[in-house]
Amino acid sequence: MATNGKLNRKLRMALVGGGQGSFIGRVHATAAVLDNRAALVAGALSSDPAKAKASAPDYDIPADRAYGSVTELIAAEKALPADKRIDFVTVATPNHTHFPIAKAALEGGFNVVCDKPMTLDLKQAEELLELVKKSGCVFAVTHNYTGYPLVRQARQMILEGELGEIQAVRSNYIQGWLRSRLEAEGQKQAAWRTDPGKSGAAGCFGDIATHAYNLARFMTGLIPAEISCNLKIFEPGRQLDDYGHAVIRFQNGALGTVTASQISHGRENDLFIEVDGTKGALSWRQEEPNVMIVRRNGHPHAMYTRDPNAPHMNDAGRAACRLPSGHPEAFFEAFANIYRGAYDDIVKRATGEAFSATETVYPNVADGVDGMHFIQQCVASSQQNGAWLSLKHPAARR
Ligand code: NAI
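The residue count restarts for each chain, going from 1 along the sequence in the order it is written. With the structure being a predicted model, the display of local features is reserved for residues of pLDDT at least 70 and the display and counting of side-chain atom pairs for 80 or more, all residues being used for whole-chain, interface and lining totals. Processing note: side-chain calculations cover all non-hydrogen atoms of the structure and skip hydrogens and water entirely.

Participant: Please explain the domain arrangement of the protein as it appears in this structure.
Facilitator: It is common to give the size of an interface as the accessible area lost on bringing the parts into contact. Taken domain by domain, the protein comprises domain 1 (5-145 + 343-363) and domain 2 (148-324 + 369-390). One C-alpha centre belongs to domain 1, the other to domain 2; they are set 26 Å apart. Between domain 1 and domain 2, the residue contacts involve 24 residues of the former and 29 residues of the latter. Defined here as a combined quantity, buried area equals the accessible surface (1.4 Å probe) lost by two parts on assembly, summed across both. Both faces considered, domain 1 and domain 2 share a buried interface measuring about 2200 Å² in area, 59% of it formed by carbon and sulfur atoms. Together, Leu122, His143 and Tyr145 form the three largest contributors to the area buried by domain 1 at its contact with domain 2, with a combined 36%. Whenever a nitrogen or oxygen atom comes within 3.5 Å of another N or O atom, the pair is scored as a polar contact, on the condition that within protein one atom can donate a hydrogen and the other can accept it, and that pairs from neighbouring residues in sequence are kept only if both atoms are in side chains. Applying the counting rule to domain 1 against domain 2 returns 8 residue pairs in polar contact (both at pLDDT 80 or more). In the side of domain 1 that touches domain 2, the residues fall into 11 nonpolar, 9 polar and 4 charged. Domain start and stop positions are those given by an automatic or database domain assignment. Contacts are assigned to residue pairs that have any heavy atoms within 4.5 Å of one another. Under the grouping applied here, Gly and all other residues not named as nonpolar or charged are polar, the nonpolar ones being Ala, Val, Leu, Ile, Met, Phe, Trp, Tyr, Cys and Pro and the charged ones Asp, Glu, Lys and Arg.

Participant: Can you walk me through the sheet that holds strand S4 (residues 111-114) in this structure?
Facilitator: Sheets are built from strands paired through backbone hydrogen bonds, the pairs being either parallel or antiparallel. DSSP calls a pair of strands paired once it identifies at least 2 bridges connecting them. For helices the rule is a DSSP run of H or I covering at least 4 residues; for strands it is a run of E covering at least 2, with both sets numbered from the N terminus onward. On the basis of which strands lie adjacent, the open sheet formed by 5 strands has the order S2-S1-S3-S4-S5 and parallel pairing. The open sheet is flanked by strand S2 (38-44) and strand S5 (139-141), the only strands paired with a single partner. The average undirected angle you get between the axes of adjacent strands in this sheet is 20 degrees. Only the stretch in contact is used when fitting a helix axis, every axis being a line fitted to C-alpha atoms; angles between N-to-C directions are given from 0 to 180 degrees.

Participant: Please explain the side chain of Ser199 as it appears in this structure.
Facilitator: Residue placement: Ser199 occurs in helix H8 (residues 196-199). With a 1.4 Å probe rolled over the protein chains alone, any residue whose accessible area is under 20% of its type maximum counts as buried; one over 50% counts as exposed, and the rest are partly exposed. Among the residues examined, Ser199 registers a relative accessible area of 5% and is labelled buried. Polar side-chain contacts of Ser199 include one of 3.0 Å to the backbone oxygen of Ala202. With sequence-adjacent residues up to four places away left out, Ser199 is seen in contact with Asn95, Leu120, Trp192, Arg193 and Leu240.

Participant: How do you make sense of the nonpolar core when you look at a structure like this?
Facilitator: Nonpolar side chains in soluble globular proteins tend to end up buried together. Counting 81 residues, the largest nonpolar core has Val89, Phe139, Phe205 and Phe374 as the members making the most contacts within it. Here the element with the most residues in this core is helix H9 (residues 204-220); it accounts for 10 residues. Taken together, domain 1 (5-145 + 343-363) and domain 2 (148-324 + 369-390) each give at least three residues to this core, which thus spans both. Once you skip the residues sitting within four places of it in the chain, Val89 turns out to touch Ala14, Val16, Leu73, Ile74, Ala105, Phe110, Asn111, Val112 and Val113. Put simply, a nonpolar core is a bunch of buried Ala, Val, Leu, Ile, Met, Phe, Trp, Tyr and Cys residues held in one set by side-chain atoms that sit within 4.5 Å of each other. In this structure, Ala38, Ile61, Phe88 and Phe335 belong to the second largest nonpolar core, which totals 30 residues.

Participant: Explain the packing of H9 against helix H12 (residues 365-383) here, please?
Facilitator: Interhelical geometry of H9 versus H12 gives an angle of 120 degrees and a closest axis separation of 10 Å. The angle between H9 and H12 places the two elements in the oblique class. Where H9 crosses over H12, the two elements pack in a sense that is right-handed. Taken together, the residues of H12 that come into contact with H9 (itself represented by Phe205, Gly206, Ala209, Thr210, Tyr213, Asn214 and Arg217) are Asp367, Asp370, Gly371, Phe374, Ile375 and Cys378. Looking at side-chain class alone, the contact of H9 with H12 contains 6 nonpolar, 4 polar and 3 charged residues. Angles are sorted into four bins: roughly parallel if under 35 degrees, roughly antiparallel if over 145, roughly perpendicular if 65 to 115, and oblique for all others. A crossing counts as left-handed when the near helix is turned anticlockwise from the far one by less than a right angle, and as right-handed when that turn is clockwise.

Participant: What is the right way to look at the pairing of S2 in this model?
Facilitator: Here is the key point about a regular strand: its side chains alternate between the two faces of the sheet. Most of S2 sits out of view: 6 of its 7 residues are buried. By convention a crossover is right-handed if, when the strands point away from the viewer, the path from the first strand over the helix to the second runs clockwise. Once you follow strand S1 (residues 11-17) into helix H1 (residues 24-32) and on to S2, the crossover reads as right-handed.

Participant: What should I look at first to understand the site of the ligand in this one?
Facilitator: Of all residues adjacent to the ligand, which total 31 residues, the nearest are Ile24, Asn95, Lys116, Asn144 and Gln189. Within the backbone of Phe23, an N or O atom sits 2.9 Å from an oxygen atom of the ligand. A distance of 2.7 Å is found between an oxygen atom of the ligand and a side-chain nitrogen or oxygen belonging to Asn95. Only the protein chains shown count as cover for residues, and all accessible areas are computed by the Shrake-Rupley method using a 1.4 Å probe. Expressed as a share of its isolated accessible area of 850 Å², the protein-covered part of the ligand is 91%. With 4 residues, the single largest contributor to the shell around the ligand is helix H7 (residues 188-193). Within the shell around the ligand, the residues separate by chemical class into 12 nonpolar, 14 polar and 5 charged. For this purpose, a residue is taken to be near a molecule or strand whenever a single non-hydrogen atom of the residue falls within 4 Å of it.

Participant: Please explain the packing of helix H6 (residues 149-159) against H9 as it appears in this structure.
Facilitator: The axes of two packed helices give the description: the angle between them and the distance between them. Closest axis-to-axis distance for the H6/H9 pair is 7 Å, and the angle between their directions is 50 degrees. Looking at the two axes, H6 sits oblique to H9. Residue-level contacts link Val151, Arg152, Ala154, Arg155, Ile158 and Leu159 of H6 to Leu215, Phe218, Met219 and Thr220 of H9. The residue inventory of the contact of H6 with H9, partitioned by class, reads 7 nonpolar, 1 polar and 2 charged.

Participant: It is not clear to me how the packing of aromatic side chains should be interpreted in this structure. Could you clarify?
Facilitator: For any pair of aromatic rings, geometry is given as the distance between the ring centres together with the angle between the planes. Under the pairing criterion, centres of Phe, Tyr and Trp rings, with the six-membered ring standing for Trp, must be within 6.5 Å; the plane angle then separates stacked pairs below 30 degrees from edge-to-face pairs above 60, leaving the rest tilted. Tallying each qualifying case throughout the model produces 11 aromatic pairs. Between Phe205 and Phe374, the ring centres sit 6.0 Å apart and the planes meet at 15 degrees, which makes this aromatic pair stacked. Note that Phe205 is positioned in helix H9 and Phe374 in helix H12, a separation of 169 residues in sequence. Note on Phe205: relative accessible area 0%, which makes it buried.

Participant: Any chance you could explain the pattern of salt bridges here in plain terms?
Facilitator: Oppositely charged side chains can form a pair if their charged atoms are brought close together. What counts as a salt bridge is simple: a side-chain nitrogen of Lys or Arg found within 4 Å of a carboxyl oxygen of Asp or Glu. Applying the stated criterion to the full structure yields 22 salt bridges. In this structure, the salt-bridge partner of Arg322 is Asp35, at a minimum N-O distance of 2.8 Å. Of the two residues, Arg322 sits in the loop between helix H10 (315-319) and helix H11 (331-350) while Asp35 sits in the loop between H1 and S2, which places them 287 residues apart along the sequence. The class of Arg322 is partly exposed, set by a relative accessible area of 23%. The closest approach of N and O atoms between Lys116 and Asp207, which form a salt bridge, is 3.3 Å. Taken together, the residues Lys116 in the loop between S4 and helix H5 (122-135) and Asp207 in helix H9 connect sequence positions 91 residues apart. With respect to class, Lys116 is no different from Asp207; both count as buried. Sharing partners across several salt bridges, the network here consists of Arg181, Glu183, Arg238 and Asp242.

This is the structure:
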């Protein structure tokens, strides 16, 4: 089969962020090419122009497309002939820079894959939504946990009613790496995440509770109605929350909780979700992502393994697998599934086929708006001593 079907070529990617010493840019660069459907050809890899250029050989980006800034990248790529020009820009920079970078890319006509939280505040997110609609570009947000095969399996099982009516969801994201004030010791990733000017109105809740909330929404399809939240700063001297709980009332009467921590000793990346329905319950943990437990009173607990050849796997779960069972798939593959979905739409756009900007298997700009609304309402509720506030944003999808 030709690469990218009708398009019959690889997509061309530009990476923003991912310079030497950074974290998630390298994950994007790896996941984006996992299926051999794209090549990384250009980048503005760092906020420091010299470091941006010095980092390019690490990715085999040629010197003439290793740009010193995003402004340079967009201008130069727009000027290239269509058969050379990039198809999409990946934004893997700290939160406060997502909006200007994504906006410049969209205005240049380029599709975007943006990391989370989508922007610094809700207003910027709403503006991006409008820009996506106006530009007709594809926009994916890397809430990568929705890309795990058993998460997609769970979503389909729930939407098809296998667990009955969903009445409760508990989504927790527990880490311990900010137990001490790493930001005061110059640790780069800690420094911007605890700075309100760079992280946004929330710390831990912007960084990881958004993932937990997005996962709960994706897996259950439940529509939120109201939220009550308590955020805490436990490390003295820190400016943003490092712990918090939110309670969510959903429109169908279900109750949800989102707990996020960055101060729990020994906890690494414990994103853990449990869903209770009238006919059954399930639980899934990202540190053991190839296993999901389904429980029904009076029956032995069922352990679902990620096995694309097993009759227990549904279409959505199977479609998200690359390897046979027993060969663990994890972070990179799930990340690559976000890219895979976005590529299908980028190819459609490039070949003149219709696609939806907001009804997608991968998280899109509307999910980004939903995440920013969640952060805003959590902070506002916490400031009002846990007051119940509305949570349904008009743009957020089902
Ligand atoms: P980092 O601090 O390790 O790296 C950020 C990189 O962006 C650095 O190379 C920096 O020089 C560069 N940069 C900053 N401003 C820039 C600009 N204007 N132009 C070009 N490059 C610029 O940060 P990290 O941990 O990689 O996080 C980046 C983003 O990814 C954040 O929004 C974060 O929330 C998100 N993230 C998402 C994860 C996920 O699982 N989806 C996991 C980790 C981070």
